[in-house]
Amino acid sequence: MPRPALSSTPCPAGCPLRIERVDQRALSRLAAPALAALIALTAGCTGDTVQGRPGASGVRDPYFPKAGNGGYQVDHYDLDLAYDPADKQLHGTAVITARAKQGLSSFNLDFAGLRVEDVTVQGAAARFNRSGTELTVRPPEDLEKGEVFRTEIDYTGTPKPVTDPDGSEEGWITTADGSVAVGEPVGSMGWFPGNHHPSDKATYDIRLTVPNDYEAVSNGELRSRTAVGDGQTEFAWHNAEPMASYLATAAIGKFKVSTGRTPSGIGVYNAVSPDEAPSSAAALARIPEVVEWGSGKFGPYPFGTVGTIVVPDGTLTYALETQTKPVYSGAPDEVLIVHELAHQWFGDSVSPKSWKDMWLNEGFATYAEWMWAEEHGGLSAEKRFDAFLAGDTKVDPDAGSDWGAFPPADPPGPEDISEAPVYARGAMVLHRIRQEVGDEKFAALLRGWAVEHRHGNASTADFTAYAEKKTGHDLTEVWDVWLYGEDRPEA
Ligand code: TRP
Ligand code: ZN
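Since the structure is predicted, the reported quantities are computational estimates derived from the model, not experimental observations.

Draft legend 1. Molecular detail of the packing of aromatic side chains. If you walk through the whole model with that rule in mind, you get 31 aromatic pairs. Centre to centre, the rings of Phe-346 and Phe-364 are 4.9 Å apart; their planes meet at 45 degrees, and the pair counts as tilted. Of the two residues, Phe-346 sits in the loop between helix H5 (334–345) and strand E22 (350–352) while Phe-364 sits in helix H6 (residues 359–375), which places them 18 residues apart along the sequence. Judged by relative accessible area, Phe-346 falls into the buried class, the value being 2%. Over the ring of Tyr-214 we find Lys-254, and its NZ or CZ is 4.6 Å from the ring centre.

What follows is the structure in structure tokens.
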């Protein structure tokens, strides 16, 4: 139903007229001149600042058009989740503090499955309805542009995984002894309502209440662990740095927890499925060293804590760079730890503006693997680059992948964003830059990029412009052939 021309929104201070409620029928009975006069009088307050309109149902991501929502930006998520692995029931309260970017008569959140029991906006009951993965909230009063508003959503049910276009599963996944939540690219809508697009980063408090014999682990710093009665323990996790929602996690299980510190004092928190503990130990022991190494290469580690979540082998078909604590399905090796920790700079701190920019995550994390190997007695990046060019699987088994199938900056569709061209050819783009500008300028470029966009978002165009400015080189050939070229480049 279209909204009446003049809504119930109060005019801002300074507006000559405060319109509390104009009845549509009364309005239609006004004589034309009177109506014209009324419109003229209220002209200053009929724009964004007063009259709300619905927020968009997506942010026009080229691959996931329904991901994210328009009209507001989230500052903070406060999630209170209670889960019992025995009955697989999740009870959640999400309190979302956001800022309206336009006058809003309604706004959307992305949310999949589960049952919404109650929604309030600024403490007042709000109407809501659901269609697919869009939860539309209609506050009783329109929100003004610039207004900071608090939305509380109570929900419950048995969370179901979200299946990605490439067939992999995300969202709330049950494990042999509990559950783990992973969200790349759009799985987080399976466990909390939100503005689920990486362009809207926010801070988080995530509290998990679980039966006493379970551990509950999330991103960031453990603020408290409290017996709350009734056989339950609440774990309160805090994230002071902004996070893209696909990087949020919550893991519940019978983890073995160990803690430590990096040489520069960053707290390490490793939660490992007991069966995986012996086989994980050697790789996990290198985390402090990897963080120091990354800090030397890419600038100070972007977060206050670091760590690991190892869920039972076979839970997932991939690892994920969940912020501060990557999730591994089964014991990780050293190379995988380097990859996921490199993402803390590239992906987590510097997040993509859209899912098309995925190679800024994966190409960089893959190249970090190459650099780590080169500096730790392994293959040089140059030799690995040559092996990929030649498809020489004796040097690197991954060189046999179809890395040339499409340009890294332009995957054909959403099912392709985690394919070899995004990873390996993305890394080769970086190596081509290094060949053009030399080691010193290349090192300054990587570090400068991570520092320039720390805790922000960046696109491929931002990168190409920055690379040329920072190095002073014309890199057109690298972009045309390696980054955007349809054909597989040849030696
Ligand atoms: N980002 C993960 C990694 O590098 C891989 C991954 C998991 C992924 N899920 C994805 C990549 C969805 C793209 C889309 O370890
Ligand atoms: Zn990766």
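There is more to say after this.
Draft legend 2. View of the sheet that holds strand E4 (residues 104–110). Taken in spatial order, the four strands line up as E1-E4-E8-E7 in an open sheet, and their pairing is mixed. Only two strands of the sheet have a single neighbouring strand rather than two, namely strand E1 (53–54) and strand E7 (127–131). Sheet analysis places E1 next to E4, joined by two bridges and oriented parallel. Along E4, the bridge assignment pairs Arg-53 with Leu-104.

Draft legend 3. Focus on the pairing of strand E5 (residues 115–121). Here E5 pairs with strand E9 (residues 148–157) via six bridges, running antiparallel. Across the sheet, Arg-115 pairs through a bridge with Thr-156, a residue of E9. Note: E5 against strand E6 (residues 124–125), two bridges, orientation antiparallel. Its bridge partner being in E6, Val-121 is matched across the sheet by Ala-124. Counting the residues that bridge the hairpin from E5 to E6 gives two residues, and of these Gln-122 lies at a positive phi of roughly 50 degrees.

Draft legend 4. Spotlight on the coordination of the zinc ion (ligand 2). Of the protein atoms, only His-339 (NE2), His-343 (NE2) and Glu-362 (OE) coordinate the zinc ion (ligand 2), at distances of 1.9 to 2.0 Å. Of note is the zinc ion (ligand 2), whose four donor atoms meet at the metal with angles of 98 to 123 degrees in an arrangement that counts as tetrahedral. Each donor residue of the zinc ion (ligand 2) lies on the same chain, and together they follow the pattern H-x3-H-x18-E. Residue His-343 is found in helix H5, and its partner Glu-362 is found in helix H6; the two are separated by 19 residues along the sequence. Since its relative accessible area comes to 1%, Glu-362 is described here as buried.

Draft legend 5. A look at the site of ligand 1. Around ligand 1 lies a shell of 15 residues, among which Glu-184, Glu-321, His-339, Glu-340 and Glu-362 are the nearest. Contact between ligand 1 and Glu-184: a nitrogen atom at 2.7 Å from a side-chain N or O atom of the residue. One of the side-chain N or O atoms of Tyr-423 is found 3.4 Å from an oxygen atom in ligand 1. Here ligand 1, which alone exposes 370 Å², has 94% of that area covered by the protein. The greatest single-element share of the shell around ligand 1, amounting to three residues, is contributed by H5. Of the residues contributing to the shell around ligand 1, the split by class is seven nonpolar, three polar and five charged.

Here is what the cut-offs are and how they apply
Residues numbered from 1 in each chain as written. Chains lettered and ligands numbered in written order. Predicted model: local features only at pLDDT ≥ 70, side-chain atom pairs only at ≥ 80, totals over all residues. Heavy atoms only, no water. Phe/Tyr/Trp six-rings, centres within 6.5 Å; stacked < 30°, edge-to-face > 60°. Helix = DSSP H or I, 4+ residues; strand = E, 2+ residues; numbered from the N terminus. Buried < 20%, exposed > 50% of the residue type's maximum accessible area, 1.4 Å probe, protein only. Lys NZ or Arg CZ within 6 Å of the ring centre and 35° of its normal. Pairing = 2+ DSSP bridges. Donors = N, O, S within 2.8 Å, 3.2 Å for Na, K, Ca; no water. Tetrahedral: all angles 85-135°; square planar, octahedral: opposite > 155°, others 65-115°. Near = heavy atom within 4 Å. Polar contact = N/O pair within 3.5 Å; in protein donor to acceptor, adjacent residues only side chain to side chain. Areas by Shrake-Rupley, 256 points an atom, 1.4 Å probe, with all protein chains shown as cover. Nonpolar A, V, L, I, M, F, W, Y, C, P; charged D, E, K, R; others polar.

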